[in-house]
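Descriptive analysis of the structure
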Amino acid sequence: MRDLGYVETLEHAMLPLTVSGLRLSFGGKTVLDGLDLSLTATGVTVIMGPNGAGKSQFLKLLHGLIAPDAGQIDWNGTPATRATARQALVFQKPVLLRRSVAANLDFVLKARGKDRSRRDALLDHVGLSDKARQPARRLSGGEAQRLALARALALDPEVLLLDEPTASLDPGSVLAIEAIIRDARTRGVKVILVTHDPGQARRLADEVVFLHRGRVAEHSSAETFFDRPRSTVARDFLDGRIVV
Amino acid sequence: MQDFGEAFALAFGLVLSPTGDLAEIVGLSLRVSLTATVLACLLGLPLGALLATARFRGRGAVLVFVNALMGLPPVVVGLLVYLSLSRAGPLGFLGLLYTSTAMIVAQTVLITPIVAALSRQILEDLNDEYAEQFRALCLTRWQSVQALLWDGRYALLTVALAGFGRAVAEVGAVMIVGGNIDHLTRVMTTAIALETSKGELALALALGMILMAIALGVNALVQSLRLSAERQAAHA
């Protein structure tokens, strides 16, 4: 396995994650309504749920980007707002700087005081070595997302938060991104992935958290979730019924 | 007064084979306005970036104030700088009145708000796009500002150009603080005003043509730099 410089231990310093009584509202609409959750396992935790369940906002809360109206997020004794630097968040639509692919990585490596010689290894890892000098804004959707993942991995995250990283991408790009996620998991990075795609969840998840109406409707191992879902909403979702 | 035809002919002759006086006036104009533009960018760009990224009480009032300063009348700026630099003024001990340095100061004061206000708008739009990503990457404010300035560099070049255009074309401020002294503080605009009042249209027209040519040349240069940089980026 090529050395990318990030954590390779399964003894995870940021777990357990304990979320209690989390509430969040926007414009009078309740997004999260007293959400409680505890994550102890390493590996990939997939967060699923219908549109408007609060999945993306939950990731931003975990990353300390927004503050909840009420409730607590505790990363093994550290509040979310002070845990940001130890995590990386990849948005559904990556925001890339108006410069070359390589310069995008150079910028973040320099800004965060990381070893800049790792750039080529990171580009190679996400399959973008041949695009290094190309303007990042001209990458395809899949390539842009792989660059965003390389940028996230450049931060040596202990936790990788991914908000629908393969939404609207072609199958080839989905495969490439899932391979990068699996590799990160193997290296000991805790992955929390939001996805709408049950197929992707089956391929990647070690455990699944199903959100519905701002609360955890089900939290179980991937095997249990897909074979014997306990909640009605999760069962309906997996059966292809419309869940609101 | 010469007739217009003769004046134009003389003016073209002067432009094609400039005298020492003409070259001196053009040289001083460029030196004063380019220096003022550089200084205004050094002051105005960080100020614009700060206003674009910072959120503080009274920010709205500060934005209104900076935007209002864009319309500062040059003669008022000239008067204020004159009062500051005159012997009785707070900076009188520097002895700068009626020097090219005083003209640079006046033009810097005049165009810094233009650079700050226009760059603030450009950088704020860019920051709206980048801000969440920057916070997710745990960047400091200074790192964010650096990234915004670099990524907005082509648009900011246009801002610098607008500042230069305003500086090189203004007459009121440099007339008051420079005094339009021959071989010392005479620049194109003050020379045009003087020669026109004397009825010496040839020199005034020649200077006007050069001023127009400089405006066009600078615009063309900036445009070609921008296109060449974008082309280079596309084929890199």
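The coordinates are above.
Below: a short report on this structure. (Residues numbered from 1 in each chain as written. Chains lettered and ligands numbered in written order. Predicted model: local features only at pLDDT ≥ 70, side-chain atom pairs only at ≥ 80, totals over all residues.)

Digging into the overall build of chain A
When you go through chain A residue by residue, the secondary structure sums to eight helices and ten strands. Taking 2.2 N^0.38 as the reference for a compact globule, 244 residues should give roughly 18 Å; the C-alpha atoms of chain A span a radius of gyration of 18 Å, in line with that estimate. Oriented by its inertia axes, the alpha-carbon framework of chain A measures out at about 50 × 40 × 35 Å. Relative to its 244 residues, chain A shows a buried fraction of 46%. Taking the contacts inside chain A whose residues are at least 6 apart along the sequence as the reference set, 68% of them involve residues at least 24 apart. (Helix = DSSP H or I, 4+ residues; strand = E, 2+ residues; numbered from the N terminus. Rg over C-alpha atoms; globule rule 2.2 N^0.38 Å. Buried ≥ 20, exposed ≤ 12 C-beta atoms within 10 Å, placed from the backbone. Contact = placed C-beta atoms within 7 Å.)

So, the overall build of chain B
When helices and strands are tallied, chain B shows ten helices and zero strands. Listing every helix and strand of chain B by position from the N terminus yields α-α-α-α-α-α-α-α-α-α. In terms of overall dimensions, chain B has C-alpha extents of about 70 × 55 × 25 Å along its principal axes. Within chain B, contacts between residues separated by at least 24 positions form 79% of all contacts whose residues are at least 6 apart in sequence.

Side note on the packing of helix α2 (residues 20–53) of chain B against helix α6 (residues 141–151) of chain B
Residues and elements named next belong to chain B. As a packed pair, α2 and α6 sit with axes 10 Å apart at the nearest point and diverge in direction by 115°. Classified by the interaxial angle, the pair formed by α2 and α6 is roughly perpendicular. With respect to the hand of their crossing, α2 and α6 are arranged in right-handed fashion. Contacts between α2 and α6 pair Leu45, Ala49 and Thr53 from the former with Arg141, Ser144, Val145, Leu148 and Leu149 from the latter. Of the residues assigned to the contact of α2 with α6, the class counts are five nonpolar, two polar and one charged. (Axes fitted to C-alpha atoms, helices over the stretch in contact; angles between N-to-C directions. Parallel < 35°, antiparallel > 145°, perpendicular 65-115°, else oblique. Left-handed = near helix turned anticlockwise from the far one by under 90°. Nonpolar A, V, L, I, M, F, W, Y, C, P; charged D, E, K, R; others polar.)

Some thoughts on the interface of chain A and chain B
Where the parts come together, the accessible area they lose is often given as the size of the interface. Each side of the interface is counted separately: chain A has 17 residues, and chain B has 15 residues. With three residues, the single largest contributor to the side of chain A that touches chain B is helix α2 (residues 101–111) of chain A. Here the side of chain A that touches chain B is built from residues that sort into nine nonpolar, four polar and four charged.

Here's the deal with the sheet that holds strand β1 (residues 17–26) of chain A
Residue and element names in this part refer to chain A. As summarised here, the arrangement of the four strands in space is β2-β1-β4-β5, forming an open sheet in which the pairing is antiparallel. Among the strands making up the open sheet, the edge pair consists of β2 (29–39) and β5 (78–79). The pairing of strand β4 (residues 70–75) with β5 spans two bridges and is classified as antiparallel. Looking across to β5, one finds that tryptophan 75 is bridged to threonine 78. (Pairing = 2+ DSSP bridges.)

Side note on the sheet that holds strand β6 (residues 87–90) of chain A
Residue and element names in this part refer to chain A. Overall, mixed pairing links the six strands, which are arranged β6-β7-β8-β3-β9-β10 in an open sheet. In this open sheet, the two edge strands, each paired with only one partner strand, are β6 and β10 (215–221). Between one strand axis and the next, the sheet turns through 15° on average, direction left out of account. In the sheet, strand β7 (residues 159–163) pairs with strand β8 (residues 190–194) via five bridges, with the strands oriented parallel. Following the sheet pairing, valine 159 is matched in β8 by lysine 190. Sheet strands in contact with helix α5 (residues 171–186) are β3 (44–48), β7 and β8, and its direction is about 150° off that of β8.

A closer look at the packing of helix α5 (residues 100–136) of chain B against helix α7 (residues 153–169) of chain B
Residue and element names in this part refer to chain B. In the contact formed by α5 and α7, the axes pass within 9 Å of each other and the chain directions differ by 155°. With respect to each other, α5 and α7 are oriented roughly antiparallel. When you trace α5 past α7, the crossing you get is right-handed. Residues Gln107, Leu110, Ile111, Ile114, Val115, Leu118, Ser119 and Ile122 of α5 form the contact with α7, whose own contacting residues are Ala155, Leu156, Val159, Ala160, Ala162, Gly163, Arg166 and Ala167. Considered class by class, the residues forming the contact of α5 with α7 number twelve nonpolar, three polar and one charged.

Points about unusual backbone geometry
Backbone geometry follows two general trends: most residues other than glycine have a negative phi, and most peptide bonds adopt the trans configuration. A:Pro16 follows A:Leu15 through a cis peptide bond whose omega is 10°. Locating A:Pro16 in the fold gives a position in the segment before β1. Phi is positive for B:Tyr98, close to 60°, though the residue is something other than glycine. Relative to the elements of secondary structure, B:Tyr98 occurs in the loop between α4 (74–85) and α5. We note that B:His183 has phi near 65°; this positive angle belongs to a residue other than glycine. Following the sequence through the fold, B:His183 ends up in the loop between α8 (172–178) and α9 (188–198).

Describing the pairing of β1(A)
Residue and element names in this part refer to chain A. In this structure, β1 lies alongside β2, joined through eight bridges in antiparallel fashion. The residue bridging phenylalanine 26 from the neighbouring strand is lysine 29, located in β2. By the bridge criterion, five bridges tie β1 to β4 in an arrangement that is antiparallel. Paired with leucine 17 across the two strands is tryptophan 75, which belongs to β4.

Details of the nonpolar core
Among the nonpolar cores identified, the biggest contains 136 residues, and A:Ala150, A:Leu193, B:Val81, B:Ala106, B:Val115 and B:Val177 are the most heavily contacted of them. For this core, the leading source of residues is α5(B), giving 19 residues. Those residues in contact with A:Ala150, other than ones at most four positions away along the chain, are A:Leu105, A:Leu122, A:Leu123, A:His125, A:Val126 and A:Leu128. (Core = buried A, V, L, I, M, F, W, Y, C linked by C-beta atoms within 7 Å.)

With respect to the pairing of strand β9 (residues 207–212) of chain A
Residue and element names in this part refer to chain A. Across the six residues that make up β9, a large majority, five, are buried. Of the pairings in the sheet, the one linking β3 to β9 comprises four bridges and is parallel in character. By the bridge assignment for β9, methionine 48 is matched with phenylalanine 210. Bridge count for β9 against β10 is six bridges, and the pairing is antiparallel. Each residue of the ladder has a partner; that of leucine 211, found in β10, is valine 216. Here β9 hands over to β10 after two residues, with arginine 213 in that stretch at a positive phi of 50°.

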